[in-house]
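Letter by letter, the chains look like this.
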Amino acid sequence: SNKNKDLKTISLVSLVIVNVVLVFSVSISRSPEIHQDDFGRIRRRHLYLTSTAVVISELFKLIGSLYIEYYVLHGTKFDLAKLSTFCKDVWNEMIHNDMLKIGVPGILYVIENNLLFIALSNLSVAVYEVTDQFKILTTAVFSVLILNMKVSMIQKASLCMLAFGVGIVELSSSHETSEKDPT
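Bear in mind the structure is a predicted one, so any value in this text is a computation, not a measurement. (Residues numbered from 1 in each chain as written. Predicted model: local features only at pLDDT ≥ 70, side-chain atom pairs only at ≥ 80, totals over all residues. Heavy atoms only, no water.)

J.: Just checking my understanding: could you explain the side chain of N113 for this structure?
T.: Tracing the sequence through the fold places N113 in helix 4 (residues 99-122). Overall, the relative accessible area of 12% leaves N113 in the buried class. Separated by 3.1 Å, the side chains of N113 and E58 make a polar contact. (Helix = DSSP H or I, 4+ residues; strand = E, 2+ residues; numbered from the N terminus. Buried < 20%, exposed > 50% of the residue type's maximum accessible area, 1.4 Å probe, protein only. Polar contact = N/O pair within 3.5 Å; in protein donor to acceptor, adjacent residues only side chain to side chain.)

J.: Hey, could you run me through the packing of aromatic side chains in this one?
T.: Pairs of aromatic rings are described using the distance from one ring centre to the other and the angle between the two planes. Taken as a whole, this structure holds 1 aromatic pair when the rule is applied. Between Y70 and F86 the ring centres are 5.5 Å apart and the planes differ by 85°, which places this aromatic pair in the edge-to-face class. Taken together, the positions of Y70 in helix 2 (residues 50-74) and F86 in helix 3 (residues 80-97) put the pair 16 residues apart, joining distant regions of the chain. (Phe/Tyr/Trp six-rings, centres within 6.5 Å; stacked < 30°, edge-to-face > 60°.)

J.: Sorry if this is basic, but what is going on with the nonpolar core here?
T.: For soluble globular proteins, nonpolar side chains are generally found buried alongside one another. If you look at the biggest cluster of nonpolar residues, it comprises 9 residues: V23, V26, V54, L116, F117, A119, L120, V125 and Y128. Breaking this core down by element, the ones donating at least two residues are helix 1 (2-29), helix 4 and helix 5 (125-147). Among the elements that make up this core, the one with the highest residue count is helix 4 (4 residues). Once residues within four sequence positions are removed from consideration, Y128 is found in contact with V23, L116, A119, L120 and L123. (Core = buried A, V, L, I, M, F, W, Y, C linked by side-chain atoms within 4.5 Å. Contact = heavy atoms within 4.5 Å.)

J.: Mind showing me how you'd approach the environment of A163 here?
T.: Following the sequence through the fold, A163 ends up in helix 6 (residues 153-180). Distance from A163 to I136, taken between C-alpha atoms, is 9.6 Å for residues 27 residues apart in sequence.

J.: In this structure, what is going on with a nonpolar patch on the surface? I would like to understand it.
T.: On the surface, L100, V104, I107, L108, I111, L115 and I118 cluster together to form a nonpolar patch covering roughly 700 Å² of accessible area. Among the secondary structure elements, I111 is positioned in helix 4. By relative accessible area, which is 44% here, I111 ends up partly exposed. (Patch = residues over 30% accessible without salt bridge, like charges linked within 9 Å, V, L, I, M, F, W, Y side chains within 5 Å. Areas by Shrake-Rupley, 256 points an atom, 1.4 Å probe, with all protein chains shown as cover. Salt bridge = Lys/Arg side-chain N within 4 Å of Asp/Glu carboxyl O.)

As structure tokens, this is what we get:
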């Protein structure tokens, strides 16, 4: 039980760190920096294609998850026969049997990641982070409406505070924008 609690804590801290690093690195890398080159010409940093970044990150995730699956099933010892069996098992289970089940959410996830890059190119990190948390509220609402899930009072209070916080950040963000650009 204590080991399980430690594992949950480590997982939560790891996910928070990964999310924060992802958001900050994408935000910094997508900011169009203007600079002067050696000849005095004004240059704008070339931005990379978001679709390329998403595909490469998904390939890294695929390679990592396949390595972890191989390690769980066969241990650290590498064997060509085990690798061949592993590839056949992956093909039969994931590609052949579950393609539609994992394909549709996968495509939606790729679209979400592309939208993440677009949002971080146009929003501040703070506004993005708070707005991104709004998906928790929409997930809860759809879970209640579609799946008939029950939500406890503590969960309802937490969701109300989340909605209130998102509303405050959105209002302050729109207020700052209107002050900067009075048209």
